[in-house]
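Architecture and fold: a report
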Amino acid sequence: MTVQAPPATRSAVRHLHHDPADRPLITIWEVTRACALVCRHCRADAQTRAHPRQLTTEQGRALLDDIAAFGKPYPIVVLTGGDPFERPDLAELVRYGTSLGLHVALSPSVTPRLTPEVLAELREAGAVALSLSLDGAVAGTHDSFRGVPGVFDDTLRAAGWVKDAGFRLQVNTTVASNNVDELPDVLRTVIDLGASLWSVFFLVPTGRGSTLEPLSAAEVEDVLHWLHDVSDLIAVKATEAPHYRRIALQRARGERPELGELHRQLTAATEDLRAGRATRRRPPRPPIDVNSGRGFAFIDHLGDVYPSGFLPHHCGNVTEHGFREIYRTDPLLQSLRDPSQFHGPCGTCEFRDVCGGSRSHAYAVTGDVLASDPTCVRVATAGVAET
C-alpha cells in the first residue's frame, strides 16, 4: 500500500508534469560572451567583442527548431550572455523562437544598449519576461560587483522601462559574505520595483566568482529559512541552493530548527516590512524540483552543452549532435538524474530525490560532480561527525 504524504507536504514543492530525462523545463542559451561589464562574480570570462565562432543566426534558428522539437510542454528558453543585447539579430531570434511556440525570456546586462526602444522591439517580437541583476541595496555594493560605476542607478531606471514595455520583471541577486546583510533592503527595492520574482543566487566559487567569499553552510541555512519566511511577500527562487526545497518540505511538516544569528538579524530587519504588508501577503510560491541536468541545461555561445552555466563539465556540442540527443543520452546528464549515485550524505539523504544538492558547488569545491554539496548544513554536520 502506498502511503500518501500530507497535503501540505505535497504542495510544498512543485514537481514537473513531464519526465525531466525526456526534456528540460528550462534551457539557458548564452547567445554571446560579449559584454561591456566586468562583474566580479561572473561564471564566464566576458569579452568586449563577440567570439568569431559563436553560433550564427542560422545555427541559432536551427537550435530553436531542435528545442521546439521536444514538443509540448516546450522548454522555456532564456537568452543570456555575456549580454544578449550585444547581438544585432536578437529580435530576429526572439521572433523566430516565439513563432515556434517557445516561451522566450531575456537576461541582459544594464548597459547603454538597454533602451526603451530596444525593449519595445523585443516585446513586440514576443519575449515575455526579462531579468535584471541587483546585487546590493546601495550603489557602492552593486557597482563594485558589476565593475562599472553608475550601474545601480541605471538598473533602477531600466526596471521601470522593463515594466512599461510589458515584460514580467525578475530581479536576480547574487549573495556572498560581502552583501548578505543588505538582503532586507534589497528585498524592499525588489518589491518596490514591481518584480514578479526574486531569484537569489548563492555564489558558486567559479570563474571570477572564485575571488569572492561564499557563505558558510550555516549561513546558507539561515538565509534560506529567511527567504522562506518572506516568500509570502514576493515569489522567491533560490538558485544553486536546491536545499531550499528540503527546507520547504521541513517547514510544511512543522519542523523549524534552531537557527543562527544571521537569521535573527535578517528577520529583525524585515519585521516592519512584514507587519506593514500583513494584508497584502500572497501564498508562498513553492520551489520547483529542477536541478542541473535534471530539467535544466545550459548552452554556451559556441553551442557547447553543460548541466548548468556554473558547472563546466562539457556534454557535447549542438552543431555536432542535436541538443535533444545530448540532453537525453549524455552519460553525465543521465547520472545527474539518479541521486542514488551521489557520493556521501547527498546520496543517502532522505531529501535526495527532491533536492540532490547543488552539483555546481560540489564540483567547484571538490572537483567531483557527484560529490555532496558542501553548502548544505546537513552535509557539513555529517562531515564534522565523521572527523
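Let me sum up the structure you'll find in this document. (Residues numbered from 1 in each chain as written. Predicted model: local features only at pLDDT ≥ 70, side-chain atom pairs only at ≥ 80, totals over all residues. Heavy atoms only, no water.)

**Section: the overall build of the chain**
For the chain, the count of helices and strands is 16 helices and 11 strands. Since a compact globule built from 387 residues should have a radius of gyration of about 21 Å, the 20 Å found for the chain is in line with a globular shape. By principal-axis analysis of the C-alpha atoms, the chain measures approximately 55 × 45 × 40 Å. Expressed as a percentage of contacts within the chain between residues at least 6 apart in sequence, the contacts between residues at least 24 apart total 74%. Roughly 16000 Å² of accessible area belongs to the chain as shown, and the carbon and sulfur atoms make up 52% of that amount. Of note, the chain has its 40 positive side-chain charges centred 5 Å away from the centre of its 47 negative side-chain charges. (Helix = DSSP H or I, 4+ residues; strand = E, 2+ residues; numbered from the N terminus. Rg over C-alpha atoms; globule rule 2.2 N^0.38 Å. Contact = heavy atoms within 4.5 Å. Areas by Shrake-Rupley, 256 points an atom, 1.4 Å probe, with all protein chains shown as cover. Lys, Arg positive; Asp, Glu negative; His and termini not counted. Charge placed at Lys NZ, Arg CZ, Asp CG, Glu CD.)

**Points about the nonpolar core**
Ranked by size, the top nonpolar core spans 86 residues in total, and within it Leu106, Trp198, Phe202, Leu227 and Phe323 carry the most contacts. Sort the elements by how many residues they give to this core and helix H8 (residues 217–230) lands first, with 6 residues. Here Trp198 is in contact with Val171, Thr173, Leu183, Val186, Leu187, Val190, Trp226, Leu227, Ile234, Ala235, Val236 and Lys237, once residues within four sequence places are set aside. Residues Leu25, Ala105, Phe296 and Phe298 belong to the second largest nonpolar core, which totals 11 residues. (Core = buried A, V, L, I, M, F, W, Y, C linked by side-chain atoms within 4.5 Å. Buried < 20%, exposed > 50% of the residue type's maximum accessible area, 1.4 Å probe, protein only.)

**Description of the pairing of strand S9 (residues 295–299)**
Buried residues dominate S9, accounting for 5 of its 5 residues. When strand S1 (residues 26–30) meets S9, the two strands line up parallel, connected through 4 bridges. Paired with Ile26 across the bridge in S9 is Phe296. Pairing analysis gives 2 bridges linking strand S8 (residues 291–292) to S9, with the strands arranged parallel. (Pairing = 2+ DSSP bridges.)

**Observations regarding helix H4 (residues 116–125)**
Buried residues of H4: Leu119, Leu122 and Ala125, and no others. Viewed end-on, H4 has its buried residues packed into an arc of 120 degrees, placing them on one side of the element. Residues of H4 that are exposed and point over 90 degrees away from its buried face: Glu117 and Glu124. Structurally, H4 contributes buried residues whose contacts are with helix H3 (90–99), strand S3 (104–106), strand S4 (129–133) and helix H6 (151–164). Gly126 occupies a position one or two residues after H4 and carries a positive phi of about 120 degrees. (Arc of directions from axis to C-beta.)

**Notes on the environment of Phe342**
By the secondary structure assignment, Phe342 is in the loop between helix H13 (331–336) and helix H14 (345–348). The buried category is assigned to Phe342, whose relative accessible area is 5%. Each C-alpha atom of the pair Phe342 and Asp368 lies 9.7 Å from the other, and the pair is 26 residues apart in sequence. Phe342 has contacts with Ser335, Leu336, Gly347, Gly356, Arg359 and Leu370, leaving out every residue within four places of it along the chain.

**A short note on unusual backbone geometry**
The omega torsion across Lys72 and Pro73 is -5 degrees, close enough to zero to call that bond cis. Note that Pro73 resides in the loop between helix H2 (57–68) and strand S2 (76–80). In the Ramachandran plot, Glu240 falls in the positive-phi region, its phi being about 60 degrees despite a non-glycine side chain. Within the secondary structure, Glu240 is located in the loop between strand S7 (235–239) and helix H9 (243–252). The exposure class of Glu240 is buried, given its relative accessible area of 11%.

**Some details on the packing of aromatic side chains**
Enumeration over the complete set of coordinates arrives at 5 aromatic pairs. Measuring from ring centre to ring centre gives 6.2 Å for Phe323 and Tyr327, while their planes differ by 45 degrees; the resulting arrangement is tilted. Pair noted here: Phe323 and Tyr327 are both in helix H12 (residues 323–329), with a separation of 4 residues, about one helical turn. An aromatic cluster is present here, built from Phe70, Phe323 and Tyr327 joined pairwise through their rings. Stacked on the ring of Tyr96, the Lys or Arg Arg61 has its end atom at 4.0 Å from the ring centre. The cationic tip of Arg359 hangs over the ring face of Phe342; the distance from NZ or CZ to the ring centre is 4.1 Å. (Phe/Tyr/Trp six-rings, centres within 6.5 Å; stacked < 30°, edge-to-face > 60°. Lys NZ or Arg CZ within 6 Å of the ring centre and 35° of its normal.)

**Quick look at the state of the cysteines**
In total, this model carries 0 disulfides according to the counting rule given. No disulfide involves Cys346; its sulfur sits 6.3 Å from that of Cys376, the nearest cysteine. (Disulfide = S-S within 2.5 Å.)

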